[in-house]
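# Architecture and fold: a report
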Amino acid sequence: MTAHAGFSRRRFLAAGAAVAGATALGGTLVPRAIARSAAEIDYAGLKAAMAGKLLRPGDSGYSEAARTWNLALPSRQPAAIAQVANQADVIQCIQRAAGRGVPFAARSGGHSYAGYSTPDSGVVVDVAALKHVSVRSDNTVAIGAGAKLIDVYAGLAASNRALPGGTCSTVGIAGLTLGGGIGVLTRPYGLTCDLLKSATIVTADGVVHTVDAQRDADLYWALRGGGGGHAGIVTEFVFSTVPAPSPTTFEIAFSASRTANVLSAWTSWQNSAPDGLTTTLSVGAGSSPSNDITGTWLGSSSELDSHLNALVSAVGASPSKRTTKKRTYLDTMQHFAGCAGKPINACYLNTEPGGTIPRETFRAGSRMLAATLSKSKADQIVEIMRGQRDMVLLFDALGGKVKTLSTTDTAYPHRSAVASVQIYTWNGGNSSGVTSVQNSLSSVAGSGSYVNYIHPQQTNWGTAFWGGNLSRLKSTVRSFDPNNAFDFPQSVLRS
């Protein structure tokens, strides 16, 4: 999941195209006997039991805490926002408020596209204070569920280590990981969830579990791509890491008249490229849909030149833009976040000290590109975008290490997909346009979707997000939460 309004990779790519485009899973049941009514939640008792803060409507800081990342959504007024200080606070929140007749949700970075991590009239368990990033002697890293990606990348870079992940600096590690984790270093290293070694979860009975391939293996499987919000609250992740690379970032674009050629050529070129090459192709809507490709390369400059020359040859036209720059790992992640060359604090939300990243107003959805595109299918996609405005399609390349795991190895099922396709509009009133494009892409690209780009108007989310893994995921979540204490509108148990 990647995001921010004036500086997000999406807006950066959308602008390029125009000129050439959490939270938690886990769980076991809250007994039906205590699932009574909202009126029976003892908020005063919960506040007294917590080391952190419990904000209610009217309290200082409540209004800011109740704001969603996506400003296109209607304003929310949770009944309470628990800003937990530690795992013990999470336990108290679950024991005292889960399953009592109001929505109950964990929130890490708060970037849920539909705002599900900030439910209206519900209880929010905000884990933002759980943000430690501790690199261990065996090169694993323990990360608190509330850590933002910029904190993760900066903490790892200080130890010359890296973790593949998304490009929005303010996204929480929890939501990213639980949905899969696609980013600009996906092909050489895999999805973020592919490097997950273990997770600590407070389940819905208030009991702490550490899950991995040997302990609660089904739940560990579900955490890797099952999506955020189901059945319990993750408080810490442990990941394997890789040596920090020094990528070359690049951008290449062609005349808008060549966009269909670019789209078709790009899918074949990227799909057959070495794992060290990861790109995003943006196709901008309008009467003459535009194109722009950005990416990272882990190799020599001469090799990159050769790969880019092959793309130019396949497109059959000279590019209108072609730039490359060698960067450090941390600078690469700041570059795509829109805060390159600035202090780390600049990569925080602009309501925090030194932060420059604003919230966004947008609507979005997705499809998964099941196979490379023929010229005729690329033409169809260009025609779909010709009928839209203020919109971009972002094709994020997959393959590489992602496809070394099988469809059933993790809950994330899209192992053979060529790319994810994010449908993004900065017109907050154009949800219907996103739905229309999403439906139109089904017959051209495929019917799958990426759970981290959740679209509230999508009706087939279960099979789209999880494919053949849906039955196992639903069974796993139901076995830990038979009373559906962690219910939300597009939960797996509603699919």
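Since the structure is predicted, the reported quantities are computational estimates derived from the model, not experimental observations. (Residues numbered from 1 in each chain as written. Predicted model: local features only at pLDDT ≥ 70, side-chain atom pairs only at ≥ 80, totals over all residues. Heavy atoms only, no water.)

## Looking at the overall build of the protein
Along the backbone of the protein there are 15 helices and 18 strands. The C-alpha radius of gyration computed for the protein amounts to 22 Å, which stays within 12% of the reference 23 Å derived for 495 residues, consistent with globular compactness. A burial count over the protein gives 61% of its 495 residues as buried. When the accessible area of the protein is evaluated, it comes to approximately 16300 Å², of which 49% is carbon and sulfur surface. Computing the positive centroid from 42 side-chain charges and the negative centroid from 30, the protein places the two 3 Å apart. (Helix = DSSP H or I, 4+ residues; strand = E, 2+ residues; numbered from the N terminus. Rg over C-alpha atoms; globule rule 2.2 N^0.38 Å. Buried < 20%, exposed > 50% of the residue type's maximum accessible area, 1.4 Å probe, protein only. Areas by Shrake-Rupley, 256 points an atom, 1.4 Å probe, with all protein chains shown as cover. Lys, Arg positive; Asp, Glu negative; His and termini not counted. Charge placed at Lys NZ, Arg CZ, Asp CG, Glu CD.)

## Some words on the sheet that holds strand β3 (residues 104-107)
Two orientations exist for strands paired in a sheet by backbone hydrogen bonds: parallel and antiparallel. Strands sit in the order β1-β2-β4-β3 across an open sheet of four strands; the sheet is mixed. Two strands lie at the open edges of the sheet, namely β1 (53-55) and β3, each paired on one side alone. For this sheet, the mean angle separating the axes of adjacent strands, direction not counted, is 20°. Judged from the four bridges that link them, β3 and strand β4 (residues 123-126) form a sheet pairing that is parallel. For Arg107, the partnering residue across the bridge sits in β4 and is Asp126. (Pairing = 2+ DSSP bridges. Axes fitted to C-alpha atoms, helices over the stretch in contact; angles between N-to-C directions.)

## Notes on empty space enclosed by the protein
Quantified by volume, the largest cavity comes out at close to 50 Å³. Forming the boundary of the largest cavity are Asn70, Leu73, Tyr113, Ala114, Phe362, Arg363, Ala364, Ser431, Ile454, His455, Pro456 and Gln457. The residue makeup of the lining of the largest cavity includes at least three contributed by each of domain 1 (49-126) and domain 3 (248-326 + 360-467). (1 Å grid on protein atoms, 1.4 Å probe; cavity = no way out; pocket = protein on both sides within 12 Å on 5 of 7 lines; lining within 4 Å. Points joined across faces, edges and corners; volume = space filled by probe spheres on them. Domains from an automatic or database assignment.)

## Regarding the packing of helix α9 (residues 259-271) against helix α10 (residues 301-315)
Contact geometry for α9 and α10: axes closest at 9 Å, N-to-C directions at 135°. When the axes of α9 and α10 are compared, the pair comes out oblique. Note on packing geometry: the crossing formed by α9 with α10 is right-handed. Residues Asn261, Val262, Ala265, Trp266 and Trp269 of α9 pack against His307, Leu308, Ala310, Leu311, Ala314 and Val315 of α10. The residue inventory of the contact of α9 with α10, partitioned by class, reads nine nonpolar, two polar and no charged. (Parallel < 35°, antiparallel > 145°, perpendicular 65-115°, else oblique. Left-handed = near helix turned anticlockwise from the far one by under 90°. Contact = heavy atoms within 4.5 Å. Nonpolar A, V, L, I, M, F, W, Y, C, P; charged D, E, K, R; others polar.)

## Let's talk about the UniProt feature "domain: FAD-binding PCMH-type" (unreviewed entry) in the protein
According to UniProt, the positions carrying the feature "domain: FAD-binding PCMH-type" (unreviewed entry) are residues 74-244. When the span residues 74-244 is considered, its composition is 22% helix and 26% strand, and the gap between its end C-alpha atoms is 41 Å. (UniProt positions renumbered as here; feature names shortened; annotations may be inferred.)

## Section: the state of the cysteines
Inspection of every chain in the model, using the stated rule, returns one disulfide. One disulfide in the model links Cys339 with Cys347; its S-S distance is 2.1 Å. Since a negative S-S torsion denotes a left-handed disulfide, the Cys339-Cys347 link at about 105° is right-handed. Overall, Cys347 belongs to the buried group, its relative accessible area being 0%. Cysteine Cys168 remains unbridged, with the sulfur of Cys339 as its closest cysteine sulfur at 9.2 Å. (Disulfide = S-S within 2.5 Å.)

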